[in-house]
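The residues making up each chain are set out below.
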Amino acid sequence: MQKSACIIGMGRYLPERILTNADLEKMVDTSDEWIYTRTGMKARRIAAEDEFPSTMGAKAAINALEEAQIGADEVDLIICATLTPDYIFPSTACLIQEQIGAKNASAFDFQAACTGFVYALSIAKAFVESGVHKNVLLVATEKLSSIIDYTDRTTCVLFGDGAAAAVISSEKSPGVNLKINRVFQGADGALADRLILPGGGSRVPPSIESVERGDHFLKMEGKEVFKHAVRKMKDVSVQAVEENGFELADISYLVSHQANVRIINAVAERCQIPKEKVKMTIEKYGNTSASSIGLCLCDMQEKSELKDGDHLLLCAFGAGLTWGATVLSVEGEDNG
Ligand code: UT7
């Protein structure tokens, strides 16, 4: 019988430095009041100069492996979701593989921006349930501070750094397992320029002119992205719930990508999910792109909020544009 893919261990790494709204008030023309009411953010973490997506990701991965009680040499594949890789190549996944000593693992990066964690779950699930791999390590890791223009108030208040990792396996762990139900996802490349890093790739290679234009900084049409985020996350969430055989009332928690408290609340409202079931880390970590859902799950785990029989609705939205959702079903040790 085909075994279901489960998350059997999770881990995270957050840099020490905290950038508060008060700090940002000293850097650009903004206010704590504007940032908090428009986004729900109070603080975000910023990586040190010698911290990179690979080093942060490796630390999160080691924590996830410990929790899953498996050795690094038992990992068959490392998938890294990041839009801020250490290098364009080699992949950040390969750097992590070396740093954690996962000598039997293959490794690759992929790009789905803020939807990275959800897309990665579908990739890991496919590898595990097809029997190709037993243990897949998902690492979502971002150093967004490296692509932010800290003179642009429309973007610099929004983003933070951090990493989250999950071990996905066909063998359940003795602890809490999160069964990955079917993942639904989509994309619309017609809206690619709404959220983009224009420079640094082969279309706009780095040059004095590209640097002077600021092409190496993230650009976003916030209002436009906001509108699509609410619409697409609501639609794909309802699809993920219903087509996995659940009802919206069965959902114990909404664990959404953390881009804006108003987006999260609008999605929850449209899905008729009450406020007390909505998980938020946005106030303390800001938008950490691919890492945000994993950081939210780690927060829940830390607070022992993952209970046998719970169903968590995960949904995300990001550059591409991309979106995705799934339901994770919590299975404790007594569920075998
Ligand atoms: O993670 C991937 C997906 N990303 C998202 O989903 C983000 C989606 N977008 C958003 O979350 C929101 O659009 C933002 C938080 C980025 C912006 O909020 P908004 O309510 O859409 O504000 P706005 O862009 O319409 O700006 C309103 C006003 C403008 O001033 P005027 O033109 O009304 O005079 C902006 O210049 O607020 C101004 N403004 C600021 N004021 C103080 C923009 N940024 C700031 C700021 N501080 N940091």
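For the structure, check the block above.
Residues numbered from 1 in each chain as written. Predicted model: local features only at pLDDT ≥ 70, side-chain atom pairs only at ≥ 80, totals over all residues. Heavy atoms only, no water.

A. Just empty space enclosed by the protein, in detail. With the rule as written, the count across this model stands at 1 cavity of 30 Å³ or more. Taken as a whole, the largest cavity encloses approximately 40 Å³ of empty space. Considering the residues around the largest cavity, the lining is formed by I7, I8, G9, M10, E67, V176, L178 and Q301. The greatest single-element share of the lining of the largest cavity, amounting to 4 residues, is contributed by strand β1 (residues 6–13). The class makeup of the residues in the lining of the largest cavity is 5 nonpolar, 2 polar and 1 charged. (1 Å grid on protein atoms, 1.4 Å probe; cavity = no way out; pocket = protein on both sides within 12 Å on 5 of 7 lines; lining within 4 Å. Points joined across faces, edges and corners; volume = space filled by probe spheres on them. Helix = DSSP H or I, 4+ residues; strand = E, 2+ residues; numbered from the N terminus. Nonpolar A, V, L, I, M, F, W, Y, C, P; charged D, E, K, R; others polar.)

B. Broad picture of the site of the ligand. In the vicinity of the ligand lie 23 residues, with T30, R38, K223, N260 and N287 positioned nearest. T30 is positioned such that a nitrogen or oxygen atom in its side chain is 2.6 Å from a nitrogen atom of the ligand. Between the ligand and R262 there is a distance of 2.9 Å, counted from an oxygen atom to a side-chain nitrogen or oxygen. Here the ligand, which alone exposes 960 Å², has 75% of that area covered by the protein. The cavity that encloses the ligand is the second largest pocket. Counting only elements with at least two residues in the shell around the ligand, the list comes to α2 (32–39), α6 (153–156), α8 (222–243) and α9 (261–270). (Near = heavy atom within 4 Å. Polar contact = N/O pair within 3.5 Å; in protein donor to acceptor, adjacent residues only side chain to side chain. Areas by Shrake-Rupley, 256 points an atom, 1.4 Å probe, with all protein chains shown as cover. Sits in = over half its atoms within 2 Å of the grid points.)

C. Region of the structure containing the pattern of salt bridges. Following the criterion strictly, the structure yields 16 salt bridges and no others. The residue R194 makes a salt bridge to D193 at a minimum N-O spacing of 2.6 Å. The exposure class of D193 is partly exposed, given its relative accessible area of 45%. Taken together, the shared-partner salt bridges connect R12, K284, D299, E302 and K303 into one network. (Salt bridge = Lys/Arg side-chain N within 4 Å of Asp/Glu carboxyl O. Buried < 20%, exposed > 50% of the residue type's maximum accessible area, 1.4 Å probe, protein only.)

D. Main features of the nonpolar core. Among the nonpolar cores identified, the biggest contains 47 residues, and L254, I273, L313 and F317 are the most heavily contacted of them. Among the secondary structure elements, those contributing two or more residues to this core are α8, α9, β13 (311–318) and β14 (322–331). Counting residues per element, this core draws most heavily on α8, which supplies 8 residues. In this structure, F317 is in contact with C114, T115, V225, H228, A229, K232, M233, H257, T322 and W323, ignoring residues within four places of it in sequence. If you look at the next biggest cluster of nonpolar residues, it comprises 37 residues, including M10, I168, C296 and A316. (Core = buried A, V, L, I, M, F, W, Y, C linked by side-chain atoms within 4.5 Å. Contact = heavy atoms within 4.5 Å.)

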